[in-house]
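So the chains spell out like this:
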Amino acid sequence: MTLSFFDQFMSPTLFGVPLIALALSLPWILFPTPSSRWLNNRLLSLQGWSISRFTQQLLLPLNLGGHKWAVILTSLMLFLITTNMLGLLPYTYTPTTHLSLNLGLAVPLWLATVIIGMRN
């Protein structure tokens, strides 16, 4: 059996389903959904508290003009944390090891800051 150099990046399959698809969908399955009740459960309260604390720490050194970036930066950080946690699962790798994902996230954000900086 001969293997090429790029076989290490192939996603293993289980019954024809790539395990990376299962690993990407698993956090969203376990993610709590808000209910219509007034009182939330502990998991929703912890989730809301952690996101608000993260956003507060993110906006602390920024002036009021930088606060409009809070939503995109918070969602980017949650996405990066979720995808990097995939590296802890067996037989998977983190999608952020690929240059295409890193450039796909970095170039639009960099270009947006340059264009907004030139405009202002």
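Residues numbered from 1 in each chain as written. Predicted model: local features only at pLDDT ≥ 70, side-chain atom pairs only at ≥ 80, totals over all residues. Heavy atoms only, no water.

- Looking at an unreviewed UniProt entry, one finds the protein named ATP synthase F(0) complex subunit a and attributed to Retropinna semoni.
- Listed under Sequence similarities (unreviewed entry) in UniProt, the entry text for the protein is "Belongs to the ATPase A chain family."
- Here the protein is described in UniProt, under the heading Catalytic activity (unreviewed entry), as follows: "H(+)(in) = H(+)(out)". (UniProt positions renumbered as here; feature names shortened; annotations may be inferred.)

1. Examining a nonpolar patch on the surface
Here is step 1: A cluster of nonpolar side chains, Phe54, Met77, Ile81, Met85 and Leu88, forms an exposed patch at the surface whose accessible area comes to about 470 Å².
Here is step 2: A total of three residues in the nonpolar patch trace back to one element, the largest contributor, which is helix α3 (residues 70-85).
Here is step 3: Assignment of secondary structure puts Phe54 in helix α2 (residues 42-59). (Patch = residues over 30% accessible without salt bridge, like charges linked within 9 Å, V, L, I, M, F, W, Y side chains within 5 Å. Areas by Shrake-Rupley, 256 points an atom, 1.4 Å probe, with all protein chains shown as cover. Salt bridge = Lys/Arg side-chain N within 4 Å of Asp/Glu carboxyl O. Helix = DSSP H or I, 4+ residues; strand = E, 2+ residues; numbered from the N terminus.)

2. Looking at α2
Here is step 1: Over its 18 residues, α2 extends 26 Å from the first C-alpha to the last, a length consistent with the 26 Å expected when each residue adds 1.5 Å.
Here is step 2: Those residues of α2 that fall on the buried side of the exposure criterion are Leu44, Gln47, Thr55 and Leu59. Across the axial projection of α2, the buried residues extend over an arc of 90 degrees, all falling on one side. Residues of α2 that are exposed and point more than 90 degrees away from the buried face comprise Arg42, Leu46 and Trp49.
Here is step 3: Looking at the buried side of α2, the elements it contacts are α3. (Expected span 1.5 Å × (residues − 1). Buried < 20%, exposed > 50% of the residue type's maximum accessible area, 1.4 Å probe, protein only. Arc of directions from axis to C-beta. Contact = heavy atoms within 4.5 Å.)

3. What to know about α3
Here is step 1: Taking 1.5 Å of rise per residue, 16 residues should cover 22 Å, and α3 covers 22 Å from first to last C-alpha, within 8% of that figure.
Here is step 2: Those residues of α3 not exposed but buried are Ala70, Thr74, Leu76 and Thr83.
Here is step 3: Next to the buried residues of α3 lie α2 and α4 (99-119).

4. Considerations on the UniProt feature "transmembrane region" (unreviewed entry) in the protein
Here is step 1: The residues that UniProt annotates with the feature "transmembrane region" (unreviewed entry) are residues 12-31, 69-93 and 99-118.
Here is step 2: From the first C-alpha to the last, residues 69-93 spans 29 Å; its make-up is 64% helix and 0% strand.
Here is step 3: Split by type, residues 99-118 is 100% helix and 0% strand. Its first and last C-alpha atoms lie 27 Å apart.

5. Focus on the confidence of the model for the protein
Here is step 1: Overall, the predicted model of the protein reaches an average pLDDT of 79, with 84% of residues at or above 70.
Here is step 2: Here helix α1 (residues 19-30) is the element of the protein with the lowest mean pLDDT, 71, and α4 is the one with the highest, 89. (pLDDT = per-residue confidence, 0-100.)

6. Thoughts on the side chain of Thr94
Here is step 1: Considering the arrangement of structural elements, one finds Thr94 in the loop between α3 and α4.
Here is step 2: With residues near it in sequence (within four places) discarded, Thr94 still touches Thr83, Asn84, Leu86 and Gly87.

7. Notes on the packing of α3 against α4
Here is step 1: At a minimum axis separation of 13 Å, α3 and α4 run at an interaxial angle of 170 degrees. Between α3 and α4, the crossing angle belongs to the class labelled roughly antiparallel. From α3, Ile72, Leu76, Phe79 and Leu80 reach across to α4, where they touch Leu101, Leu105 and Leu109.
Here is step 2: Broken down by class, the residue content of the contact of α3 with α4 amounts to seven nonpolar, no polar and no charged. (Axes fitted to C-alpha atoms, helices over the stretch in contact; angles between N-to-C directions. Parallel < 35°, antiparallel > 145°, perpendicular 65-115°, else oblique. Nonpolar A, V, L, I, M, F, W, Y, C, P; charged D, E, K, R; others polar.)

8. Brief notes about the packing of α2 against α3
Here is step 1: In the contact formed by α2 and α3, the axes pass within 10 Å of each other and the chain directions differ by 120 degrees. When the axes of α2 and α3 are compared, the pair comes out oblique. For α2 against α3, the interelement crossing comes out right-handed. Where α2 approaches α3, its residues Ile51, Phe54, Thr55, Leu58 and Leu59 are matched on the opposing element by Ala70, Leu73, Thr74, Met77 and Leu78. (Left-handed = near helix turned anticlockwise from the far one by under 90°.)

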